[in-house]
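Residue-level structure breakdown
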Amino acid sequence: QQQVKQSPQSLIVQKGGISIINCAYENTAFDYFPWYQQFPGKGPALLIAIRPDVSEKKEGRFTISFNKSAKQFSLHIMDSQPGDSATYFCAASLNTGFQKLVFGTGTRLLVSP
Amino acid sequence: DAGITQSPRYKITETGRQVTLMCHQTWSHSYMFWYRQDLGHGLRLIYYSAAADITDKGEVPDGYVVSRSKTENFPLTLESATRSQTSVYFCASRNRVVGELFFGEGSRLTVL
C-alpha cells in the first residue's frame, strides 16, 4: 500500500529527445506527487509536483502527467539536454496530517550530446 | 551560509563502532528528516522530527538513534555500526507540515 514503483531504472536519451519516466502507486489516499532531481554528489531537489485535481502540470521543459484511475504518473522532459543528466525520483504522500514522502527507486538519466 | 549542512561528508568505520552523523539547518524549519539512499531502494525514511524533543520512527529505524534538543540540529547515531548500514545518508528539512523538502548534500558512510 505504501509503495511507489518507478521505471525504468536507467535511461539514455539523445540531446533534443524526450525523456519519459513512469511511476505507479498503490495507496489511493495519496494526493501529493512530487519529482526530485539529484545530481552526483548532491542532495535531491524538488523539480515539480502535482496534486490529483489536475491531469497535467508543466514547468518549462518538464511536465507531469497524472492518471488517477490508473494510479500512475509520469515525468516528461522535452528537448532533453546534457545538463538534465541526473537521477530522478518520484514520490507520493498524503497531503493532510504529517506528510511523509514515499520515494520511488530512482531513474538514472543520461542525455548524450 | 544559510541552508542545511551535513558532517562528515565521508566516513569509514568498522563494524561495532558508534558513529554520529550531524545535521544543521539555519532556516529554523520545524520538520527534519533522515533518509538513507541505496541503489535499488531509492530514499528510505529512517527518523523524522516535528519539533525539538519530538521524534518518530520512519520506515527503517532499526539500529539508529536520533535526538533533537535544538531546532537547528538533528544528529543521527549508529550505536553499533553494521555492514548493512553502509549507505549515503541525507538529512532534510521543511518549514511546513506539507511541501518541499530541502536536502543536505549527504554523508557517505562505509562500514568495514
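Computed from a predicted structure; not experimentally measured.

The subject of this paragraph is the sheet that holds strand S6 (residues 56-59) of chain A. Residue and element names in this part refer to chain A. If you walk across this open sheet you meet the five strands as S1-S3-S8-S7-S6, and the pairing is antiparallel. In this open sheet, the two edge strands, each paired with only one partner strand, are strand S1 (4-7) and S6. Direction aside, neighbouring strands of the sheet carry axes that sit 15 degrees apart on average. When strand S7 (residues 62-67) meets strand S8 (residues 72-77), the two strands line up antiparallel, connected through six bridges. Within the sheet, the bridge partner assigned to Ser-65 lies in S8 and is Ser-74.

This next bit is on the packing of aromatic side chains. As enumerated under the stated definition, the model contains 18 aromatic pairs over all chains in all. Aromatic side chains Trp-27 of chain B and Phe-102 of chain B sit 5.1 Å apart centroid to centroid with 55 degrees between the ring planes, which places their arrangement in the tilted category. Of this pair, Trp-27 of chain B sits in the loop between strand S3 (19-25) and strand S4 (31-38) while Phe-102 of chain B is found in strand S10 (residues 102-103), placing the two residues 75 residues apart along the sequence. With a relative accessible area of 34%, Trp-27 of chain B lands in the partly exposed category. On the basis of relative accessible area, Phe-102 of chain B is assigned to the partly exposed category, the value being 29%. Three or more aromatic residues joined by ring pairs make a cluster, and in this case those are Tyr-36, Phe-89 and Phe-103 of chain A together with Phe-33, Tyr-35, Tyr-48, Phe-90 and Phe-103 of chain B. If you follow Arg-94 of chain B out to its NZ or CZ, it ends over the ring of Tyr-31 of chain B, 5.6 Å from the centre.

Reading the values: rules and limits
Residues numbered from 1 in each chain as written. Chains lettered and ligands numbered in written order. Predicted model: local features only at pLDDT ≥ 70, side-chain atom pairs only at ≥ 80, totals over all residues. Heavy atoms only, no water. Pairing = 2+ DSSP bridges. Helix = DSSP H or I, 4+ residues; strand = E, 2+ residues; numbered from the N terminus. Axes fitted to C-alpha atoms, helices over the stretch in contact; angles between N-to-C directions. Phe/Tyr/Trp six-rings, centres within 6.5 Å; stacked < 30°, edge-to-face > 60°. Buried < 20%, exposed > 50% of the residue type's maximum accessible area, 1.4 Å probe, protein only. Lys NZ or Arg CZ within 6 Å of the ring centre and 35° of its normal.

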